[in-house]
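Architecture and fold: a report
Chain by chain, the residues:
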Amino acid sequence: MKTFLGIPTGRPTHDVASPQPYAAQPGHASTLAGTARGNAMQNPNEPLRWGTNFPDAAREALKNEQMRRNLGHATSTIRNKRATVVGEAPDWEDLRDAGSQIKVNVAAQLPALLEEFERNFTARGGTVHWARDAKEANHIITTLIKETGSQEVVKVKSMATQEIGMNEYLEAQGIAAYETDLAELIVQLGDDLPSHILVPAIHRNRTEIKEIFERRMESLPAEMTDAPRELAMAAREHLRKKFLRAKVAVSGANFGVASTGSLTVVESEGNGRMCLTLPETLITVMGIEKIIPTFEDLEVFMQLLPRSSTGERMNPYSSIWTGVSPGDGPQNVHVILLDNGRSRALADDVGRAALKCIRCSACLNVCPVYERVGGHAYGSVYPGPIGAILTPQLTGTAGHSDPNNSLPYASSLCGACYEACPVKIDIPTLLVHLRARAVEQDKADHRPTAWGAAMSAATVIMSDSKKFAFAEKGLGALRLAAGKKGYVHNVPLPIISGWTDSRDLPTAPKETFRQWYKRTHPNGALASDLPAADTKPTDDSSPSSAGTESETTHD
Amino acid sequence: MRIALAATCIADALFPQAPIATVKLLERLGHEVHFPSSQTCCGQMHVNTGYLDKAVPVIKNHVETFAPVLDNEWDAIVIPSGSCAGSIKHQQAMVCDRAGQSALAGTARAVAAKTYELSELLVDVLEVTNVGAYFPHKVTYHPTCHSMRMLGVGDRPYQLLREVEGIELVELPDENQCCGFGGTFSVKNSDTSSAMLQDKIRNVEETGARVLSAGDYSCLMHIGGGLNRKGSDTTTMHLAEILASTRHDPATPPPALRAGQSVKVATK
């Protein structure tokens, strides 16, 4: 089954217990050297690696003009809201600096902070579990749910549980996990995949949502239209029954406070508050990088996150809980501290900056690439600029044909993401860093590439001006190709044809700049004709402008 | 002031009009413009494609070419490109450090501190916004991502353009959106790049400007290539070309090569 984007939907529920490493698809140009290709096929069980490489997935996505219009409209609306509320904060840049520095410190002392969190969370009656990867986390969650005897859980929207494919795993174990965030509900009922961190159903319009509800919800109002309020009321009715009977809830966490052992969920719809307070058992899955040192640090992030995320000054619901409160709320409280590749990212002195991310999705909303291709093209539950640097670090990359190796190239390096990031992740620099790692990996694999050869040749030419000047003469070929037209329309060569598919190339000039300068400045720079107090005597330049052409005389 | 010009590899080879205009402009303002002939390229293409090791010899050549600025051979270095200036200021030293060449990194940092993108040099160093230019045409300006975000040149190009006699300056809708060039992005992710370009071209044409200007010929090559393919009446000129134009020696916008025609050619 495929979505209207042609992307495989809903990861199959079989075999999720033992996710296989990435295997190249049949027909994929290159395969992993020395690996048996017997059952080579795409493994859609991996929430951080599905589908084909980015350029191919993007090409498909670009064909969907309706989705592009939807995305353009949605992202520009959020962008403008964010710009307004960020503009209101006079200390915004200071807040960004503070948020960034807190996260840098967290990375530097993560083991100690995690142990401090564990002590405090345990002292208040909670139980801490440690999970190295998705498999361990899913196993722990399943065991905890089975101990309660419940066959279903309600869920707070959570990227961590998306990342480990929890819903699909539980389904295979006979446990139903109900998403209660409206957009996640739409994605779940549509057997779809999320395409945005904050607004996972951003690629759906309301007509599609109404159709999904009609197909999957019971006892809908007879005359329901696709008006947003009516759709929301239908979802509310659908969810209310589930909240009231649920014995177990699963959540993520925006922050975990080491000094107090508190967990935090920040949300907009109140569904989170329902899940966090009504059931008897509460299981939270939190990436280890979400730890912050003290309760005071929350004040920085509680200002940064809502403004960056939904473009609001403050989000409607902020829930903070610390272990168990006797007689009030869940009495069986667990947290699973999830690594799942984070230690690998932490070991990279440049790449670790990606772990500063607070999942606000501001970078998605300002990204010109995301706006045009949407989230599914990134083949991960983490799309957009942050996905391009986070996904390949969490999974590691398995050689040249691994689609996650194409993610760091999915950017024009325009820098809009860095400008918007509330914790100042220098995403363009990380993208370049990860590109360099992909190139190093090819080199280590003794894998020659056309790009590598071109870059080697360019190094020879571009580190020596004599060779460069000689190469410039070769550009006369462009003039031949252009003929009288004065532009080049079609170059049937690999690499360059990627350019001439949609743009003309200029023809080479009759005279390069260095030829012009030599002709017009035969004795070097023309002496300044104005006295300049801050310059030293001009012994090193020609005092004469004789012999130069009129075009260089001074006005 | 004695100013060394880094012409940029792409303009030296393909768009000499930009560095030529830079020379004319600065000489008109009474400054000496030197062209250290051992220069080639800043290394940005290698760096952004991930070939950091292969970038080092290119960066070394750039840094050594312009290192005499540290011995007061020149007072400043000017480069008529926001992205090359950005690479010099934000990438060169990092790449050298990573390659274990800390001495070269130190020199690169010092040279970068004396390097200015053209509008920065004019407004901040030479403290001039009215350069005595004359350009009686309708112009719109694309601020370019690296000028805007890596360098933070802000409204300096507009300060300069607003003082040009006869100019009709019109705002470019969604000006801060990337044109989709991104160096090798334009060929590695050609389809996405083209989609971004089409939106940029639509916005440019909406202005009805005769000339699209920018401070970087790499972006102009991209947008200009798309405008030409579309048969647009709008053509491209570097900021330096407009500022170099005077009543005495006026620059004329380049002709639209195929105005009114729209030819679709399949290349694959």
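Just above, that's the structure.
Attention in this report is confined to the structure presented alongside it. Everything numeric in this text was worked out from a predicted model, so none of it was measured.

Regarding the packing of aromatic side chains
- Evaluated as defined, the whole model comprises 12 aromatic pairs over all chains.
- Clustering of aromatic rings is evident, with ring pairs tying together A:F513, A:W516, A:Y517 and B:F35.
- The ring centre of A:F301 lies 5.6 Å from the NZ or CZ of A:K103, which sits over that ring.
- For A:R503, the ring lying beneath its charged end belongs to A:W499, and the centroid distance is 5.0 Å.

A few points about unusual backbone geometry
All names here are of chain A.
- The backbone phi angle of N340 is positive, close to 50°, even though this residue is not glycine.
- The backbone of S361 sits at a positive phi, close to 75°, despite the residue not being glycine.
- Along the chain, S361 turns up in the loop between α13 (342-346) and α14 (362-366).
- Residue S361 is classed as buried on the basis of its relative accessible area of 2%.

Some words on the sheet that holds strand β4 (residues 115-117) of chain B
All names here are of chain B.
- Spatially, the four strands line up as an open sheet ordered β2-β1-β3-β4, and their pairing is parallel. Since the sheet does not close on itself, it has two edges, and those belong to β2 (32-34) and β4, each with one partner. Neighbour to neighbour, the strand axes of the sheet diverge by 35° on average, direction disregarded.
- Pairing analysis gives three bridges linking strand β3 (residues 76-79) to β4, with the strands arranged parallel. Bridge pairing in β4 links I77 to T115.

Brief notes about the sheet that holds strand β8 (residues 235-238) of chain B
Residue and element names in this part refer to chain B.
- Within the open sheet, the four strands sit side by side as β6-β5-β7-β8. Their pairing is parallel. The two strands at the open ends of the sheet, each matched to only one other strand, are β6 (168-170) and β8. Ignoring strand direction, the axes of neighbouring strands in this sheet form an average angle of 35°.
- With three bridges joining them, strand β5 (residues 138-141) and strand β7 (residues 211-214) adopt parallel strand pairing. Paired with V139 across the strands is V211, a residue of β7.
- In the packing of helix α13 (residues 217-230) onto the sheet, the strands contacted are β7 and β8, and the crossing angle to β8 comes to about 170°.

So, the interface of chain B and chain A
- Of the residues lining the interface, 83 residues belong to chain B; the matching set on chain A comes to 86 residues.
- Across the interface of chain B and chain A, roughly 7300 Å² is buried in total on both sides, 58% from carbon and sulfur atoms.
- Counting the contacts that link chain B with chain A gives seven salt bridges.
- Here B:D191 makes a salt bridge to A:R59, at a shortest N to O gap of 2.9 Å.

Re the nonpolar core
- Counting 144 residues, the largest nonpolar core has A:F54, A:F213, A:V373, A:Y378, A:I386, A:I389 and A:I425 as its most contacted members.
- Sequence-distant contacts of A:I425, that is, excluding residues within four places in its chain, are made with A:A353, A:A354, A:K356, A:C357, A:I386, A:I389 and A:Y418.
- One finds B:L118, B:F135, B:M237 and B:A240 within the second-largest nonpolar core, a separate group that totals 41 residues.

Analysis parameters
- Residues numbered from 1 in each chain as written.
- Chains lettered and ligands numbered in written order.
- Predicted model: local features only at pLDDT ≥ 70, side-chain atom pairs only at ≥ 80, totals over all residues.
- Heavy atoms only, no water.
- Phe/Tyr/Trp six-rings, centres within 6.5 Å; stacked < 30°, edge-to-face > 60°.
- Lys NZ or Arg CZ within 6 Å of the ring centre and 35° of its normal.
- Helix = DSSP H or I, 4+ residues; strand = E, 2+ residues; numbered from the N terminus.
- Buried < 20%, exposed > 50% of the residue type's maximum accessible area, 1.4 Å probe, protein only.
- Pairing = 2+ DSSP bridges.
- Axes fitted to C-alpha atoms, helices over the stretch in contact; angles between N-to-C directions.
- Contact = heavy atoms within 4.5 Å.
- Buried area = accessible area lost by both parts, 1.4 Å probe.
- Salt bridge = Lys/Arg side-chain N within 4 Å of Asp/Glu carboxyl O.
- Core = buried A, V, L, I, M, F, W, Y, C linked by side-chain atoms within 4.5 Å.

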